[in-house]
Amino acid sequence: LSQKVLKTFFLPLQNWLIRRAGTIIGTTPVYIEKSPDLAAAGDKRDAIPIGIDPLPAVPKEDVDRFRAGYPGKKMVVSVGRLVSYKGFRHLIDAAQYLRDDCMILIGGDGPLKKELQSRIDSKNLKNKVRLLGYLSKETLPLLFAASDVFVLSSAMKTEAFGIVQIEAMSAGKPVVATKIPESGVSWVNADG
């Protein structure tokens, strides 16, 4: 996002590398097809989606203990670095339209943490949205297991794939995501 000036200097090297490459691999067919920088590469382009190891199973008693902290709530989970392109501002704003029996839990840390917390406070959404902070590799499977639905609120093409979507799928959770033009996000979570 902040590299537009640097790209001017990097562009000649990038174009040289594209011409010299035998194959250029992207994470989704959509991202490859929609990239203006890769248009000249023609049939040298290919897609290999990102894969993950399935998330480990979480004991039911651990899930029940976690959910007990949010009694009677449907748990909407979102995870990611707290940066602008992840769209957490939009998710927080959308919380005002949810019923009172819903709780949005946002896991992650980043430069927008204070701003997002201020947004939650100023909109009086403390009973509907919580910032959980940094999640360890051990906590993430628990959060997914305890959730009812996962939301990827990213709003910019910078979100090219959304690995957290396949983590949520690995936990058997439905995924709700934004449709971002020229991004592979919708390809990753295509219906069926």
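Quantities reported herein were computed from a predicted structural model and do not represent experimental measurements. (Residues numbered from 1 in each chain as written. Predicted model: local features only at pLDDT ≥ 70, side-chain atom pairs only at ≥ 80, totals over all residues. Heavy atoms only, no water.)

J.: Mind showing me how you'd approach the packing of helix 3 (residues 60-67) against helix 6 (residues 139-146) here?
T.: Between two packed helices, both the angle of their axes relative to each other and the distance between the axes serve to describe the pair. It is the contact of helix 3 with helix 6, at a shortest axis distance of 9 Å, that shows an interaxial angle of 75°. By the criterion of interaxial angle, the relationship of helix 3 to helix 6 is roughly perpendicular. Here D62, V63, F66 and R67 of helix 3 come into contact with helix 6, specifically with L142, L143, A145 and A146. Within the contact of helix 3 with helix 6, the residues separate by chemical class into six nonpolar, no polar and two charged. (Axes fitted to C-alpha atoms, helices over the stretch in contact; angles between N-to-C directions. Helix = DSSP H or I, 4+ residues; strand = E, 2+ residues; numbered from the N terminus. Parallel < 35°, antiparallel > 145°, perpendicular 65-115°, else oblique. Contact = heavy atoms within 4.5 Å. Nonpolar A, V, L, I, M, F, W, Y, C, P; charged D, E, K, R; others polar.)

J.: What am I meant to see in the packing of aromatic side chains here?
T.: Geometry of an aromatic ring pair is reported as the spacing of the ring centres plus the angle between the planes. Counting across every chain of the model gives two aromatic pairs. A centroid spacing of 5.8 Å and a plane angle of 45° characterise the contact between F66 and Y70, whose relative ring orientation is tilted. On the basis of relative accessibility, which here comes to 12%, the residue Y70 falls in the buried class. On the basis of an interplanar angle of 55° and a centroid distance of 5.6 Å, the ring pair of F144 and F150 is categorised as tilted. (Phe/Tyr/Trp six-rings, centres within 6.5 Å; stacked < 30°, edge-to-face > 60°. Buried < 20%, exposed > 50% of the residue type's maximum accessible area, 1.4 Å probe, protein only.)

J.: Looking at this structure, how should I read the sheet that holds strand 5 (residues 129-133)?
T.: Within a sheet, neighbouring strands are paired by backbone hydrogen bonds and run either parallel or antiparallel to one another. The five strands are arranged 5-4-3-6-7 in an open sheet whose pairing can be described as parallel. Among the strands making up the open sheet, the edge pair consists of strand 5 and strand 7 (175-177). On average, adjacent strands in this sheet sit at an angle of 25° to one another, irrespective of strand direction. Pairing geometry for strand 3 (residues 74-79) and strand 4 (residues 102-107), over six bridges, is parallel. Bridging from a neighbouring strand, V79 pairs with G107 of strand 4. Strands in contact with helix 6 are strand 3, strand 4, strand 5 and strand 6 (149-152); relative to strand 3, the strand with the most contacts, it is inclined by about 140°. In the packing of helix 7 (residues 163-170) onto the sheet, contacts are made with strand 3, strand 6 and strand 7, and the angle to strand 6 comes to roughly 175°. (Pairing = 2+ DSSP bridges.)

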